[in-house]
Structure formats: structure tokens, C-alpha cells
Amino acid sequence: MSVSTLAAVSAADAVAPSGCAPLPVLGRDVTVPLVTGGEVTYAALDYAASAPALQRVWDDVAAYAPYYGSVHRGAGYLSQLSTELFENARRTVAGLLDCRDGDQVVFTRSTTDSLNLLAAALPDDCQVFVFETEHHAALLPWRGARVTFLDAPDSPEQAVRALEHALAARDSHGPALVCVTGASNVTGELWPVRELAAAAHAHGARIVLDAAQLAPHHAVSLRELDVDWVAFSGHKLYAPFGAGVLAGRADWLREAEPYLAGGGASRKVTRREDGGVDVQWHDSAARHEAGSPNVIGAYALASACKALAEAGFGTLAAREERLIRTVRDGLADVPEVRFLSLFGDDAPRVGVLSFVVDGWNGSHFAAALSAEYGIGVRDGLFCAHPLLRALLGGDPQDGGECGAPGAAPGGTALDAIRVSFGAGTPDEHVERFVRAVRELVRGGARWSYRTVDGRCVPDTSA
Ligand SMILES: Cc1ncc(COP(=O)(O)O)c(C=O)c1O
């Protein structure tokens, strides 16, 4: 087996979508029991948390697995093969992200890891600007820096104006970084990344794009969006093998202390006369990849990027748009269901929709969708507490009690429910979801539920 043979296996397994067919994913035939009796195929509608593995990614990993070996400096054939695959994965990702000359692709564990790595690499005195609407992974890593939190905007234009205003008022001309999401993990809404990048650069700031929710749905080009870095996770991109990416400008990364100190990051280590140790660190991406690299994770992530690009993001987005319309149109005449949005119901979005249901708390509603319909969604505050506070009003709570009062009609709610889907979602799952929501709102749950460890679960004690 050689790298080119593995590439050929991968190409042969590629499934050309017919335009309206979902891409094959693992778990598509899994059945789950219903509390009311019988079994149904599981409707995984929580892609925004973690998407199922693409069959193609799984096949690629399975084809490579027997040839798995240590990465970097192993003398054996399989070590050399694995090293080549790891570095090829880096090149594939760089190509698909349309990286510029000199950009680096660092393999990390996840988006959270990537943004924490960048936070650890900020130059001294860097000012950071971030909207309060961000996922906690983009909101919290900057606590060692001077951070300006911007209020939730009510339109993309206002987001750009608010950023321009904040940057114009900044108190120094030192380094500055803007961190912004490409697509919200709560509302699914697309943010005006290109315009925010232009605003950042006009004021001498840099910008990092949190593409955790964008990359699974749209092509991301660093060059075209003109962002300085992009971060995303393999497990949201149909490659759940523990790898993520931070890609972009090399200078801050090269000048920073290694994120982790250890083998792989160091080029030369010598004992000093005084008994201490001197280290020369790598300048390449390896500087921040100390320890044994996750070659399977990187390989899987590159395979997923290729598979999505080959399927065509335009085709995938058109199909997803149709599924979004199925949800919106199917629930348009159910006034108890209120969708959450910052930019308005018709704002462009990816397949991520959050809503509250009058009279229900989210935990109870999500439990009924699972137990009575075999549908997996998410409830709570989605690791975006300030945004949920802005969207729900009042004092929302993560982890709902079954008995807690639900959303007041037209008013505040304790928590929300999120439905999310993507390239592997069959129409039937979304149609079942719409039918289930309508039945639950109109007829109520058919089972009783109780709270266990802060989660609402079917009461099977009777
Ligand atoms: C917008 C956004 N950013 C960052 C993250 C963090 O991703 P991870 O948990 O893979 O680090 C998530 C996860 O839900 C997200 O939705």
C-alpha cells in the first residue's frame, strides 16, 4: 500500500450525490426504542453539536487503519507512510481553505483548542473584540487579554457598524484581534464575515473566524473572506476522530511560546552549564503540535473536506435550504412555536434553528421528541449564555427541570430547543420532526416525564 493507492481507494469510494440525495453517513439505519412501544430509525437532528461520520470518511480511515504507524521520524515503511499522509492532510486542508503563501495549518483537537491556541499566541498588549453572541469557545479564551465585548446586534449591518465604532474608539494602536463566528450555533444565521474582516483591517486589527458551524455547510476561503485565521472542528464536519484546525497567518504563531511544550515542537534541546535546558523550537506548525500527532484525525478531517468539496457546497446548501423551508413552512401556522433570531426570520442561515414552545420548557419538549418519536435534538442554552439571555429575556437556565414553568406565551423562556441538520439528513427525519412538534403542541406528551440529574427523562417507574 502506498499513499497514491490510498488516494485511489478514497476516490473510488466517493459517492456522487444526485443533487437531492443525502450523503451516506454512518448510523443511518440505527433504530432506537420508543417509550410508547416499538422502534424507529434514529433521526439525528443535532448536527450542530456533532455530525455523524460520512461513510466515505469511515471507509478512508478503515482503508488506512492497517497501515497506521508513528508520525515523524519513524524509519519504518508504515511510519513514513503515516507521516506522508499526515503532511498530505495538512496540504489538502490548506488547499481547500484557499490558504495564502506563508499561512500555516495547525492540527488541534477542536475549535475550542484552536481558539485557545490563538489566545495563547496573542502579542503583548493585544486588544480583543468579540460579540457577546459568540459560542463560549470564542467568547472565553481571551481572558488574559484586554477584551471588549460588543452587544448583540440586530442586523448584519449593525454588527459591522458596532465593530467599526469599537475599533475606532480603541485606546491604542497596538495589536488587535476580532473574533467572529461565521454561522451562529444557536440561530444558524450567517454573519457578514467579509465586511467584518474589511472593518477589522481598515482599523489595523486582525480577525479570526470561528467556522465551527460554517465549514460543514459552506466553502471557506481565507483569501476570499480575507480573514487572518480560521478555526473549526472535525467532529462537526463528519470526521469525528478528534482533530480540529487553526489555519492562517504564521507570524503570531511563530513568535509565540509553543502551546504545549514537548517532543515534536522542539528542534534541539541542550543542557546549559548552569544545569538548565535550552530549547530551539520549530517555526513551522509543528511548534504547536507537541506530542504524537493525531494522524487518523487529520486524515479523516482532510477526507471530509474533500468529500464535501466534491459533493459541491452549492448542491449541499440548496438541499439544506429546502430542509430549512420544510421546518419553517411546516410550523408556520403553529403560533406556540417561536423561532429565535437576531437578524430576522428570513436572514440567510445554515441548517440550525432554535425555538421555544409556549407552555413547555425545552428539556421536557426535547425529551418527548426523543422518547416518543426517536428524534435527537438539543435543548438548553447551547454554550452561548449571553446570546440566549439576549434572545430569551429573563434569566434562562441550562438544564431544565421537567416541572419548571415553560415559555410564557409570547414572553420569556427558561431555555430553548435546537434542531440542526446537514449533508447526511434524509427528508424523512425533518418531516418527522415537523409532524412531532405539531402533535406535541396540539395534543401534549403521551408519556409522563421526571427530572433526573437535571435532565428530563421518561418516567418508567409506573
Ligand atoms: C460556533 C461554535 N464555535 C465553537 C464551538 C466549539 O467547538 P468544539 O466543541 O468542537 O471545540 C462550537 C461547538 O458547538 C460552535 O458551535
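Rules and cut-offs
- Residues numbered from 1 in each chain as written.
- Predicted model: local features only at pLDDT ≥ 70, side-chain atom pairs only at ≥ 80, totals over all residues.
- Heavy atoms only, no water.
- Near = heavy atom within 4 Å.
- Polar contact = N/O pair within 3.5 Å; in protein donor to acceptor, adjacent residues only side chain to side chain.
- Nonpolar A, V, L, I, M, F, W, Y, C, P; charged D, E, K, R; others polar.
- Pairing = 2+ DSSP bridges.
- Helix = DSSP H or I, 4+ residues; strand = E, 2+ residues; numbered from the N terminus.
- Axes fitted to C-alpha atoms, helices over the stretch in contact; angles between N-to-C directions.
- Buried < 20%, exposed > 50% of the residue type's maximum accessible area, 1.4 Å probe, protein only.
- Contact = heavy atoms within 4.5 Å.
- Patch = residues over 30% accessible without salt bridge, like charges linked within 9 Å, V, L, I, M, F, W, Y side chains within 5 Å.
- Areas by Shrake-Rupley, 256 points an atom, 1.4 Å probe, with all protein chains shown as cover.
- Salt bridge = Lys/Arg side-chain N within 4 Å of Asp/Glu carboxyl O.
- Phe/Tyr/Trp six-rings, centres within 6.5 Å; stacked < 30°, edge-to-face > 60°.
- Disulfide = S-S within 2.5 Å.

## A few points about the site of the ligand
Turning to step 1, where the next piece is worked out: With respect to spatial proximity, 13 residues lie near the ligand, and among them Thr112, Asp210, Gln213, Ser233 and Lys236 are the closest.
Turning to step 2, where the next piece is worked out: Threonine 111 has a polar backbone atom sitting 3.4 Å from an oxygen atom of the ligand.
Turning to step 3, where the next piece is worked out: Each residue belonging to the shell around the ligand can be placed in one class, and the counts come to 2 nonpolar, 9 polar and 2 charged.

## Focus on the sheet that holds strand E16 (residues 378-380)
Turning to step 1, where the next piece is worked out: Spatially, 4 strands are ordered E13-E14-E17-E16 in an open sheet, and the strand pairing comes out antiparallel. Two strands bound the open sheet, and with one partner strand each, they are strand E13 (337-339) and E16. In this sheet, neighbouring strand axes are inclined to one another by 30° on average, regardless of whether the strands run parallel or antiparallel.
Turning to step 2, where the next piece is worked out: When E13 meets strand E14 (residues 352-357), the two strands line up antiparallel, connected through 3 bridges. Along E14, the bridge assignment pairs valine 337 with valine 357.

## Examining the environment of glutamine 80
Turning to step 1, where the next piece is worked out: By the secondary structure assignment, glutamine 80 is in helix H3 (residues 77-96).
Turning to step 2, where the next piece is worked out: For glutamine 80, a relative accessible area of 46% gives the class partly exposed.
Turning to step 3, where the next piece is worked out: Along the sequence, glutamine 80 and glycine 69 sit 11 residues apart, while their C-alpha atoms lie 8.0 Å from each other.
Turning to step 4, where the next piece is worked out: Not counting residues within four places of it along the chain, the set of residues in contact with glutamine 80 comprises Gly74 and Ala75.

## A closer look at a nonpolar patch on the surface
Turning to step 1, where the next piece is worked out: A cluster of nonpolar side chains, namely Val269, Val277 and Val279, defines an oily patch on the protein surface of about 220 Å² accessible area.
Turning to step 2, where the next piece is worked out: Positionally, valine 277 belongs in strand E12 (residues 277-281).
Turning to step 3, where the next piece is worked out: With relative accessibility at 43%, the residue valine 277 sits in the partly exposed group.

## Some details on the packing of aromatic side chains
Turning to step 1, where the next piece is worked out: According to the stated counting rule, one finds 12 aromatic pairs in the structure shown.
Turning to step 2, where the next piece is worked out: Note on phenylalanine 86 and phenylalanine 107: the rings are 5.3 Å apart at their centroids and 45° apart in plane angle, and the pair reads as tilted. Placement of the pair is phenylalanine 86 in helix H3 and phenylalanine 107 in strand E4 (residues 104-108), with a sequence separation of 21 residues.
Turning to step 3, where the next piece is worked out: Classification of phenylalanine 86 as buried rests on a relative accessible area of 1%.
Turning to step 4, where the next piece is worked out: Taken together, a centroid distance of 5.9 Å and an interplanar angle of 70° make the contact between phenylalanine 355 and phenylalanine 433 edge-to-face.

## Points about the state of the cysteines
Turning to step 1, where the next piece is worked out: Enumeration over the complete set of coordinates arrives at 1 disulfide.
Turning to step 2, where the next piece is worked out: What pairs with cysteine 402 in a disulfide is cysteine 456, and their sulfur atoms sit 1.8 Å apart. Between cysteine 402 and cysteine 456, the disulfide has an S-S torsion of 105° and is therefore right-handed. In this pair, cysteine 402 is assigned in the loop between helix H13 (385-392) and strand E17 (416-420) and cysteine 456 in strand E19 (residues 455-458), connecting sequence segments 54 residues apart.
Turning to step 3, where the next piece is worked out: Accessibility expressed as a relative area gives 11% for cysteine 402, which makes it buried.
Turning to step 4, where the next piece is worked out: On the accessibility criterion, cysteine 456 (4% relative accessible area) is buried.
Turning to step 5, where the next piece is worked out: No disulfide involves cysteine 305; its sulfur sits 11 Å from that of cysteine 99, the nearest cysteine.

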